[in-house]
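# Survey of secondary and tertiary structure
Take a look at the letters that make up each chain.
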Amino acid sequence: MELFESLKQKIKGKNLRIVFPEATDERILKAAVRLQQENLVEPVFLGAAEEIQKAALAAGVTTSQIKILDPNNYSDFEQMVDAFVERRHGKNTKEQAQKMLRDPNYFGTMLVFLGQVDGMVSGAVHPTGDTVRPALQIIKVKPGLTRTSGAFIMQKDDQRYLFADCAININPNSQELAEIAVTSAKTAQLFDIDPKVALLSFSTKGSAKSDEVTKVAEAAKLAQQMDPDLALDGELQFDAAFVPKVAQQKAPNSAVAGQATVFVFPELQSGNIGYKIAQRFGGFEAIGPVLQGLNKPVSDLSRGCNEEDVYKLSLITAAQAL
Ligand SMILES: CC(C)(COP(=O)(O)OP(=O)(O)OC[C@H]1O[C@@H](n2cnc3c(N)ncnc32)[C@H](O)[C@@H]1OP(=O)(O)O)[C@@H](O)C(=O)NCCC(=O)NCCS
Ligand SMILES: CC(=O)OP(=O)(O)O
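What comes next is a walk through the structure. In this text, all values refer to a predicted model and were calculated from it rather than measured experimentally.

## Some remarks on the site of ligand 2
What surrounds ligand 2 is the set T128, F152, N272, Y275, K276, P289, S302 and R303. A distance of 2.9 Å is found between an oxygen atom of ligand 2 and a side-chain nitrogen or oxygen belonging to K276. In the model, an oxygen atom of ligand 2 is placed 2.8 Å from a nitrogen or oxygen of the R303 main chain. When ligand 2 sits alone it has 260 Å² of accessible area, and the protein chains cover 88% of it. Here the element with the most residues in the shell around ligand 2 is helix 12 (residues 268–280); it accounts for three residues. Among the residues making up the shell around ligand 2, the classes are represented as three nonpolar, three polar and two charged.

Structure (structure tokens):
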């Protein structure tokens, strides 16, 4: 079954609540109203009701069925402040919390943390740092993990791949890169991708020597130790990872080269540039970034997203909450 049809079947009628902190954005409004009308998600909007209604009118949608919470006028605000201060274990004072929680991304993330909603979708307007920092500080990573990372599902016709990390870790060390590789394989399975993980580089199996290449080769070894059964190889150039004929020449003994489905980039510059090239030149649909490893689902859109991207990432976020 098509990926999103299967996600819809999983979440339909479950009343999963997704908070949208950017509720005056036309793409968010249209996608959220559609999700609500199709009985897939119960949206919660953040902001001043009059402003949201004005934006809805301009977008040609009606939001009368959607719950709106205003961080500047919220009856349980002081309780939320106390819960935040407790969660931050002395890293933020009450005064800081009172300011921070007026920010819709902090407020929305606290709603997720407190279980008042099931997930959050933001980032159509805010840059990634501002969208995900509250989640890193409040929601935190699952036990056994140290890093959150951002994966994209890349789809075109019958091709589906996973790219990571394209969103969060600017220059992961080999241990962090290994963790990203193993976590990405798990995420791939959620989206019916059989994980064959390539750790990418500008070198294939020692064809070039540099500290950057050594980092990737070491990460591949560490990742294999973390999950000995995982089909994984590195370091590999993209052509060796993807094109069978090139794989025969550059990495003939690899079980992954030429047939990789999960592509792990060595650092964020290449990861973020790489997914955008595949999307904009290659015509792949890029769904994400799906944040991996968090205790509860928070998703960050690209500011270049359209209504359909918001709709689909919201389906994924709701499914992650199940
Ligand atoms: C994600 C990012 C904003 C975090 O940066 P930061 O806020 O300066 O991070 P800090 O080091 O101050 O850490 C803030 C908190 O987040 C946690 N954290 C930081 N990076 C993390 C990660 N990858 N995984 C899990 N937790 C992380 C820290 O442990 C810290 O927690 P604490 O406050 O409880 O101690 C930063 O790495 C970044 O800007 N990445 C690139 C984002 C981007 O522009 N992507 C391209 C577009 S998608
Ligand atoms: C994922 C991403 O690149 O986000 P943005 O385009 O908002 O920077």
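## So, the packing of aromatic side chains
According to the stated counting rule, one finds twelve aromatic pairs in the structure shown. Judged by centre distance (6.1 Å) and plane angle (45°), the ring pair of Y161 and F284 falls under tilted. Note that Y161 is positioned in strand 6 (residues 159–164) and F284 in the loop between helix 12 and strand 10 (285–292), a separation of 123 residues in sequence. Judged by its relative accessible area of 13%, Y161 is buried. The structure contains a cluster of three or more aromatic residues connected by ring pairs, namely Y161, F163, F238, F242, F263, F265 and F284. Directly above the ring of Y311 sits R34, whose terminal nitrogen or CZ lies 3.6 Å from the centroid. Positioned above the aromatic ring of F77 is the side chain of R102, whose terminal nitrogen or guanidinium carbon lies 3.8 Å from the ring centre.

## Looking at the sheet that holds strand 8 (residues 231–236)
The strand order across the open sheet formed by six strands is 8-7-9-6-5-10, and the pairing between neighbours is mixed. Either end of the sheet is taken by a strand with one partner, and the two such strands are strand 8 and strand 10. Between one strand axis and the next, the sheet turns through 20° on average, direction left out of account. Contacts from helix 12 reach strand 5 (149–156), strand 6 and strand 10 within the one sheet, and its direction differs from that of strand 5 by about 20°.

## Describing unusual backbone geometry
In this structure, D165 follows A164 across a cis peptide bond, with omega equal to -20°. Locating D165 in the fold gives a position in the loop between strand 6 and helix 8 (174–190). With an omega of 5°, the peptide bond running from G234 to E235 counts as cis. Among the structural elements, E235 can be located in strand 8. You will see that D157, though not glycine, has its phi angle at about 50°, which is positive. With respect to the helices and strands, the residue D157 is situated in the loop between strand 5 and strand 6.

How each quantity is defined
Residues numbered from 1 in each chain as written. Chains lettered and ligands numbered in written order. Predicted model: local features only at pLDDT ≥ 70, side-chain atom pairs only at ≥ 80, totals over all residues. Heavy atoms only, no water. Near = heavy atom within 4 Å. Polar contact = N/O pair within 3.5 Å; in protein donor to acceptor, adjacent residues only side chain to side chain. Areas by Shrake-Rupley, 256 points an atom, 1.4 Å probe, with all protein chains shown as cover. Helix = DSSP H or I, 4+ residues; strand = E, 2+ residues; numbered from the N terminus. Nonpolar A, V, L, I, M, F, W, Y, C, P; charged D, E, K, R; others polar. Phe/Tyr/Trp six-rings, centres within 6.5 Å; stacked < 30°, edge-to-face > 60°. Buried < 20%, exposed > 50% of the residue type's maximum accessible area, 1.4 Å probe, protein only. Lys NZ or Arg CZ within 6 Å of the ring centre and 35° of its normal. Pairing = 2+ DSSP bridges. Axes fitted to C-alpha atoms, helices over the stretch in contact; angles between N-to-C directions. Contact = heavy atoms within 4.5 Å.

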